[in-house]
Amino acid sequence: EADIYQTPRYLVIGTGKKITLECSQTMGHDKMYWYQQDPGMELHLIHYSYGVNSTEKGDLSSESTVSRIRTEHFPLTLESARPSHTSQYLCASSAGQANSPLHFGNGTRLTVT
Amino acid sequence: AQKITQTQPGMFVQEKEAVTLDCTYDTSDQSYGLFWYKQPSSGEMIFLIYQGSYDEQNATEGRYSLNFQKARKSANLVISASQLGDSAMYFCAMMGYGGSQGNLIFGKGTKLSVKP
């Protein structure tokens, strides 16, 4: 019952390329998030948004940027990919109530060569 | 500052037995929520169970229950009757509803392996 979609699922790209990771949700959630996760490690919040035209940086410093022009869409962009950006990127959304869990997409596994 | 601590990097359990995964937390918020997620090797994050700080009863969802001890700031996950499909990473997470940002922060996770 995945209502939050991430594309691509896997991406291998060379250093210096510009990339955009797509994230869309069909649940009408106002809150959306991007987490970065290295294999077998914890998730780190890199960006979040509480609604259209609202974006904030998370706890982990990231060279990526995000935009929120539409409620359902929260893309993440890397202007110039580097090997240090190799990681899994997980997008999530939430209805925003106190007991609302985050719903996660399947993630994008990025490898920068 | 908020913090989640999971002290068990890896755990083994025999199929059909129960297992407890430990989680302690630290927060200055009076109101907060605790979540557990499962992450199989395929990478997706699956929500398992939620406990609110003001909930008087421990949360249960099927084979999952949360042993919430507020005074000790612990929120351990108990999985009963383990199945092979339970083998995965398990993450404890917390969201504060007071002075903190209200975003979900995660512990480092526990890798559970269920033996047949």
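Being a predicted model, the structure only gives us computed values, none of them experimental. (Residues numbered from 1 in each chain as written. Chains lettered and ligands numbered in written order. Predicted model: local features only at pLDDT ≥ 70, side-chain atom pairs only at ≥ 80, totals over all residues. Heavy atoms only, no water.)

### A word on unusual backbone geometry
So, step 1. With an omega dihedral of -10 degrees, the bond running from Thr7(A) to Pro8(A) counts as a cis peptide bond.
So, step 2. Mapped onto the fold, Pro8(A) is located in the loop between strand S1 (4–7) and strand S2 (10–13).
So, step 3. A positive phi angle, near 80 degrees, is found at Lys16(B), a position not held by glycine.
So, step 4. Following the sequence through the fold, Lys16(B) ends up in the loop between strand S2 (10–14) and strand S3 (19–21).
So, step 5. Here Lys16(B) falls in the exposed class, since its relative accessible area comes to 69%.
So, step 6. Despite not being glycine, Lys73(B) shows a phi value in the positive range, around 55 degrees.
So, step 7. With respect to the element layout, Lys73(B) can be found in the loop between strand S8 (64–69) and strand S9 (74–79). (Helix = DSSP H or I, 4+ residues; strand = E, 2+ residues; numbered from the N terminus. Buried < 20%, exposed > 50% of the residue type's maximum accessible area, 1.4 Å probe, protein only.)

### So, the packing of aromatic side chains
So, step 1. Counting across every chain of the model gives 12 aromatic pairs over all chains.
So, step 2. For the pair Tyr35(A) and Phe104(A), a centre-to-centre distance of 5.9 Å together with 45 degrees between the ring planes defines the contact as tilted. Placement of Tyr35(A) in strand S4 (residues 31–37) and of Phe104(A) in strand S10 (residues 103–104) is noted, with a sequence separation of 69 residues between them. Phe104(A) shares its class with Tyr35(A); the two are buried.
So, step 3. Between Phe104(A) and Tyr37(B), the aromatic rings sit 5.5 Å apart at their centres with planes inclined by 85 degrees, giving edge-to-face as the arrangement. Remark: Tyr37(B) occurs in strand S5 (residues 32–39) and Phe104(A) occurs in strand S10; the pair is interchain, linking two chains. One exposure class covers both Phe104(A) and Tyr37(B), and it is buried.
So, step 4. Above the face of the Tyr50(A) ring, Lys31(A) is positioned so that its terminal group lies 4.6 Å from the ring centre.
So, step 5. It is Arg68(A) that lies over the ring of Phe74(A); its NZ or CZ is 5.8 Å from the centre. (Phe/Tyr/Trp six-rings, centres within 6.5 Å; stacked < 30°, edge-to-face > 60°. Lys NZ or Arg CZ within 6 Å of the ring centre and 35° of its normal.)

### As for the pattern of salt bridges
So, step 1. Counting across every chain of the model gives 6 salt bridges over all chains.
So, step 2. Between Glu72(A) and Arg70(A) there is a salt bridge, and its shortest N-O distance comes to 3.1 Å.
So, step 3. On the accessibility criterion, Glu72(A) (34% relative accessible area) is partly exposed.
So, step 4. Look at Arg70(A) and you get partly exposed, because its relative accessible area is 42%.
So, step 5. A salt bridge links Lys73(B) to Asp26(B); its shortest N-O distance comes to 3.4 Å. Residue Lys73(B) is found in the loop between S8 and S9, and its partner Asp26(B) is found in strand S4 (residues 24–26); the two are separated by 47 residues along the sequence.
So, step 6. Residue classification places Asp26(B) among the partly exposed positions, given a relative accessible area of 39%. (Salt bridge = Lys/Arg side-chain N within 4 Å of Asp/Glu carboxyl O.)

### Digging into the nonpolar core
So, step 1. Grouped together as the largest cluster of nonpolar side chains are 26 residues, with contacts concentrated most on Leu21(B), Tyr25(B), Trp36(B), Ile49(B), Leu77(B), Tyr90(B) and Leu112(B).
So, step 2. Of all the secondary-structure elements, those providing two or more residues to this core are S2, S3, S5, strand S6 (46–52), S8, S9, strand S10 (88–96) and strand S12 (110–115) of chain B.
So, step 3. Leu90(A), Leu102(A), Met45(B) and Tyr50(B) belong to the second-largest nonpolar core, a separate cluster that totals 19 residues. (Core = buried A, V, L, I, M, F, W, Y, C linked by side-chain atoms within 4.5 Å.)

### Looking at the interface of chain A and chain B
So, step 1. Between chain A and chain B, the residue contacts involve 22 residues of the former and 22 residues of the latter.
So, step 2. In total, about 1700 Å² of surface goes out of reach between chain A and chain B, with carbon and sulfur atoms giving 50% of it.
So, step 3. Linking chain A to chain B there are 1 salt bridge.
So, step 4. Ionic pairing is found between Glu42(A) and Lys108(B), a salt bridge with its closest N-O pair at 2.7 Å.
So, step 5. Counting across the chain A and chain B interface gives 8 residue pairs in polar contact (both at pLDDT 80 or more).
So, step 6. Of all the elements in the fold, those that place two or more residues in the side of chain A that touches chain B are S4, strand S5 (43–51) and strand S9 (87–94) of chain A.
So, step 7. The greatest single-element share of the side of chain A that touches chain B, amounting to 4 residues, is contributed by S5(A).
So, step 8. For the side of chain A that touches chain B, the per-class residue count stands at 12 nonpolar, 6 polar and 4 charged. (Contact = heavy atoms within 4.5 Å. Buried area = accessible area lost by both parts, 1.4 Å probe. Polar contact = N/O pair within 3.5 Å; in protein donor to acceptor, adjacent residues only side chain to side chain. Nonpolar A, V, L, I, M, F, W, Y, C, P; charged D, E, K, R; others polar.)

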